[in-house]
Structures are given as C-alpha cells and as structure tokens.
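Below, each chain spelled out in residue letters.
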Amino acid sequence: MPDLRSSDSLAAFVADVEQLRLRHADEHTLAAAVATRLAPFLRQPDWLADAHREPWEDRYRQHLLHVAPDGGFSIVALVWKPGQATPIHDHVCWCVVGVYQGEECETRYRLYQEGDERFLVEASRDVAAPGETVALVPPAEDIHRVTCIGDDLAISIHVYGADIGTLGSSINHRFDDLAIRPDAGNATLVNWRDFVASGRDAYAVAH
Ligand SMILES: [Fe+2]
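Residues numbered from 1 in each chain as written. Predicted model: local features only at pLDDT ≥ 70, side-chain atom pairs only at ≥ 80, totals over all residues.

**Overview of the overall build of the protein**
The secondary structure content of the protein amounts to 5 helices and 12 strands. The buried share of the protein, reckoned over its 207 residues, is 32%. (Helix = DSSP H or I, 4+ residues; strand = E, 2+ residues; numbered from the N terminus. Buried ≥ 20, exposed ≤ 12 C-beta atoms within 10 Å, placed from the backbone.)

**Things to note about the nonpolar core**
Judged by nonpolar contacts, the single largest core of 37 residues is most densely connected at Val 34, Ala 77, Val 96 and Val 159. Elements with a contribution of two residues or more to this core: helix 1 (8-23), helix 2 (27-41), strand 2 (74-80), strand 4 (95-101), strand 7 (133-136) and strand 9 (154-160). Sort the elements by how many residues they give to this core and strand 2 lands first, with 6 residues. Contact partners of Val 34, with chain neighbours within four places excluded, come to Val 17, Leu 20, Val 96 and Val 159. By size, the runner-up hydrophobic cluster in this structure holds 7 residues, among which are Ile 88, Leu 111, Tyr 112 and Leu 120. (Core = buried A, V, L, I, M, F, W, Y, C linked by C-beta atoms within 7 Å. Contact = placed C-beta atoms within 7 Å.)

**Here's the deal with the sheet that holds strand 2**
Overall, antiparallel pairing links the 5 strands, which are arranged 1-2-9-4-7 in an open sheet. The sheet is open, and its two borders are formed by strand 1 (61-67) and strand 7, each paired with just one other strand. Taken over all neighbouring pairs, the strand axes of this sheet differ in orientation by 20 degrees on average, direction set aside. When strand 4 meets strand 7, the two strands line up antiparallel, connected through 4 bridges. Across the sheet, the residue bridging to Val 97 is Val 134, located in strand 7. (Pairing = 2+ DSSP bridges. Axes fitted to C-alpha atoms, helices over the stretch in contact; angles between N-to-C directions.)

**Here's the deal with the environment of Pro 182**
When you line up the elements, Pro 182 lands in the loop between strand 11 (179-181) and strand 12 (188-189). Exposure remark for Pro 182: the 7 C-beta atoms within 10 Å place this residue in the exposed category. Between the C-alpha atoms of Pro 182 and Val 121, which are 61 residues apart in sequence, the distance is 6.0 Å.

**As for helix 1**
End to end, helix 1 covers 23 Å across 16 residues, agreeing with the expected 22 Å (1.5 Å per residue, within 8%). Restricting attention to buried positions, one finds in helix 1 the residues Leu 10, Phe 13 and Val 17. Looking straight down helix 1, one finds its buried side chains confined to an arc of 60 degrees; they lie on one side. Residues of helix 1 that are exposed and point over 90 degrees away from its buried face: Asp 8, Ala 15, Gln 19, Leu 22 and Arg 23. Contact partners of the buried residues in helix 1: helix 2, strand 1 and strand 9. (Expected span 1.5 Å × (residues − 1). Arc of directions from axis to C-beta.)

**Looking at helix 2**
When the terminal C-alpha atoms of helix 2 are compared, their 21 Å separation across 15 residues agrees well with the 21 Å that a helix rising 1.5 Å per residue should span. Among all positions of helix 2, only Leu 30, Ala 31, Ala 33, Val 34 and Leu 38 are buried. Viewed end-on, helix 2 has its buried residues packed into an arc of 165 degrees, placing them on one side of the element. Exposed side of helix 2, more than 90 degrees from the buried face: His 28 and Pro 40 are the residues found there.

**Some words on the packing of helix 1 against helix 2**
Two numbers describe how helix 1 lies on helix 2: the axes approach to 10 Å, and their chain directions differ by 160 degrees. Relative to helix 2, helix 1 is oriented roughly antiparallel. Seen along the crossing, helix 1 lies across helix 2 with a hand that is right-handed. For the pair helix 1 and helix 2, the contacting residues are Ser 9, Phe 13, Asp 16, Val 17, Leu 20 and Arg 21 in the first and Leu 30, Ala 33, Val 34, Arg 37, Leu 38 and Phe 41 in the second. Partitioning the contact of helix 1 with helix 2 into residue classes produces 8 nonpolar, 1 polar and 3 charged. (Parallel < 35°, antiparallel > 145°, perpendicular 65-115°, else oblique. Left-handed = near helix turned anticlockwise from the far one by under 90°. Nonpolar A, V, L, I, M, F, W, Y, C, P; charged D, E, K, R; others polar.)

Printed below as a string of structure tokens:
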C-alpha cells in the first residue's frame, strides 16, 4: 500500500470520503457527493507521487492509491499514453472518475439483441478535461470505454465502492467481442444484468 503521507491532498480526500459514507447510505447520493468533493482536489498538484504517474508502453496502467480499512471504497490513478484505451466494460460497483491531467474520451454504448445476436450501438461520446468528474452507479446501463485522445499522458483519479486491492480491477464484464453497429434497427434494448439474474445469459457466465 502506498504511503498516504506522501500526499496531503489524497489523505484529506480519503478523510472526506469516509465522512460522506457516514452521511449517505444511498449509492447514487454518495457517488454524486464524492464527485462534487473530488472536483476541487483535482486542481491540487501534490496528489500523485512520481511513481503513480508512470504509464505502461502497451496498455493503460492502474496504480492503487488507497483501500478503506473495511474495503468499502478504493482510490486508484489510471494512466494512459495517447491512444491507449480501456476495454468496453461496466463496473462491479459505483464509480467516480475525475480527470487529473490530459484529455479522456468516454464512449457509452447500449446493448441490443436481435434473434440470437447481441450487439452494441454507441449512445454518447464525451470529452473530459482536467477538473471534470463523472459518477456511474450500476445497475443502470453503464457500458463504456475510455480513451486517451490528447497528445500527452492522461491521468484520472477513480473512486470505486469496492475493495480493488482484492478484486484487482473494478471491471465487471467486458464487451469487446460484440459487434458495434451504427443503429439498433428493430432490435431490443437489453439490460444484460437482468439476463444474468434470470439465468438466461450463457455469455455472461463464460466471462
Ligand atoms: Fe469504467
């Protein structure tokens, strides 16, 4: 575990999130409050030690910054070189993202079914600059991909409502093997979590 004393901003933010957890039992309210609290911290230059700004050459990199003692939330820094991207994924838990430096593009998708085939259709594309935050709370449709679109390194701070130290990642499910179509046509919009709950989703079980 990194030494929190290396960053006053990180330590102060951790203390604030602990307070917000005591105040907000509802995940939507908590995630929104964490996003609001994270925004001003993103302007602090001392958040990250040099080691936490290091990218990987071939894929984006996750640096674990903090896990709450009870595992109730975690904070990571994700570092992208230009062009690097996440898989298309959703999350196991609520998630707050704040851009620390660089430019990131979040592309959101909807999942459709036509006969036996499932496919994705792009729903939105948003570019986020430093200081901007977004909150995602499952099980709403939150299938997305994040790409570093600028010419420089991108770094974002992510707060997850789970123990990422144990899980390794907040990614719940990957959708990279699905085709992306320009429109849905007559296909049916799918909430795949409902399919999993009903035991009908062999696709999810296989991952
Ligand atoms: Fe994500």
